[in-house]
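Listed below are the residues making up each chain.
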Amino acid sequence: MVISASTRNVSPTSIQYQQSDKEQSVEVCRNRLSGEKPKDLFAEFKEIADCNTRTEKKYVTAVISPPKEYSQNLSLTDWAKLAEDYLKREGIGKDNQYLVHLHQSTDDKHLHIIANRIDKQGKNKVTSHNLGTRAADHAEILSKERNWKTAKEISGEKKAEIKNVLLEEKVKVGAWAILFQEWIIGAILCRSAKTPKA
């Protein structure tokens, strides 16, 4: 599984993108939000975010992408649990706003998350330092908890596959090179046999 995360500012447009996904987006879970339209949701996010004047990028956005072999059979409850487990590990809890959607317009189903770093007391609950690295670490842990292949394992398998294909091609090329050499030698011997001696 891969999780990518960053801090940024959001807008009604980014919320609309998350809700849309070519009309194939499904809301999985939310916290401390009641609006439905992107403009209303943004106003709710902003009201809490404005309680903290020191933090510049007040939101965490994340994408959670499990391997296809696992994601195809997950229920909405499973997706919600995956999102909430990630959010909890990142320190985003019941006092933070978040909105999670499942995107399924491609074969690779994945979650999009917008979470307010600022809690209802105006405190920044999520440090931006090493957020991407932490997301990758969370992906490894969450994969292991679910008995899924980790990103490292999948990467290792793909490297091994590529290595095997290259070795097979090398063997094929080697075999063809030997055949070609034999053909050349045969052609030379045949030609020399036909050449009249002076």
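All chains use their own residue numbering, which begins from 1 and follows the written sequence. Per-residue local features of the predicted model are confined to residues with pLDDT of at least 70, and side-chain atom pairs are confined, for both listing and counting, to 80 or more; whole-chain, interface and lining totals are unaffected and use all residues. Only hydrogens and water are removed before side-chain values are computed, so all heavy atoms of the structure are retained for them.

Where an unreviewed UniProt entry is consulted, the chain appears under the name Relaxase/Mobilisation nuclease domain, with the organism given as Chryseobacterium carnipullorum.

A. Region of interest: the packing of helix H1 (residues 12–20) against helix H2 (residues 38–49). In this description, a line fitted to the C-alpha atoms serves as the axis of each element, helices being fitted only across the stretch in contact, and the angle between N-to-C directions of two axes falls anywhere from 0 to 180 degrees. Segments assigned H or I by DSSP are reported as helices when at least four residues long, segments assigned E as strands when at least two residues long, and all are numbered from the N terminus. Interhelical geometry of H1 versus H2 gives an angle of 125° and a closest axis separation of 8 Å. Taken as axis vectors, H1 and H2 run oblique relative to one another. Seen from above, H1 lies across H2 with right-handed handedness. On the side of H1, the interface is formed by Pro 12, Ile 15, Gln 16 and Gln 19, while H2 contributes Pro 38, Lys 39, Leu 41, Phe 42 and Phe 45. For the contact of H1 with H2, the per-class residue count stands at six nonpolar, two polar and one charged. The cut-offs work like this: below 35 degrees is roughly parallel, past 145 is roughly antiparallel, 65 to 115 is roughly perpendicular, and the gaps in between are oblique. The handedness criterion is simple: a crossing whose near helix is rotated anticlockwise from the far helix by less than a right angle is left-handed, and one whose near helix is rotated clockwise is right-handed. The criterion used for residue contact is that any of the two residues' heavy atoms lie within 4.5 Å. Amino acids outside the nonpolar list (Ala, Val, Leu, Ile, Met, Phe, Trp, Tyr, Cys, Pro) and the charged list (Asp, Glu, Lys, Arg) are all regarded as polar, and Gly is one of them.

B. Region of the structure containing the pattern of salt bridges. The salt bridge criterion pairs a side-chain nitrogen of Lys or Arg with a carboxyl oxygen of Asp or Glu, the two atoms within 4 Å. For the structure on display, the rule yields twelve salt bridges. Between Arg 89 and Glu 145 there is a salt bridge; the shortest N-O distance is 2.8 Å. Of this pair, Arg 89 sits in helix H4 (residues 76–89) while Glu 145 is found in helix H5 (residues 131–145), placing the two residues 56 residues apart along the sequence. Here the residues in one salt-bridge network are Lys 81, Asp 85, Arg 89, Glu 145 and Arg 146, joined through shared partners.

C. Expanded view of H5. Counted at 1.5 Å a residue, the expected span for H5 with its 15 residues is 21 Å, and the 21 Å between its end C-alpha atoms agrees. Every buried residue of H5 is listed here: Leu 131, Ala 135, His 138, Ala 139, Glu 140, Leu 142 and Ser 143. Two residues or fewer after H5 comes Asn 147, characterised by a positive phi angle close to 60°. Helix span, expected: 1.5 Å multiplied by one less than the number of residues in the helix. Whether a residue is buried, partly exposed or exposed follows from its accessible area with a 1.4 Å probe, protein chains only, as a fraction of its type maximum: under 20%, in between, or over 50%, in that order.

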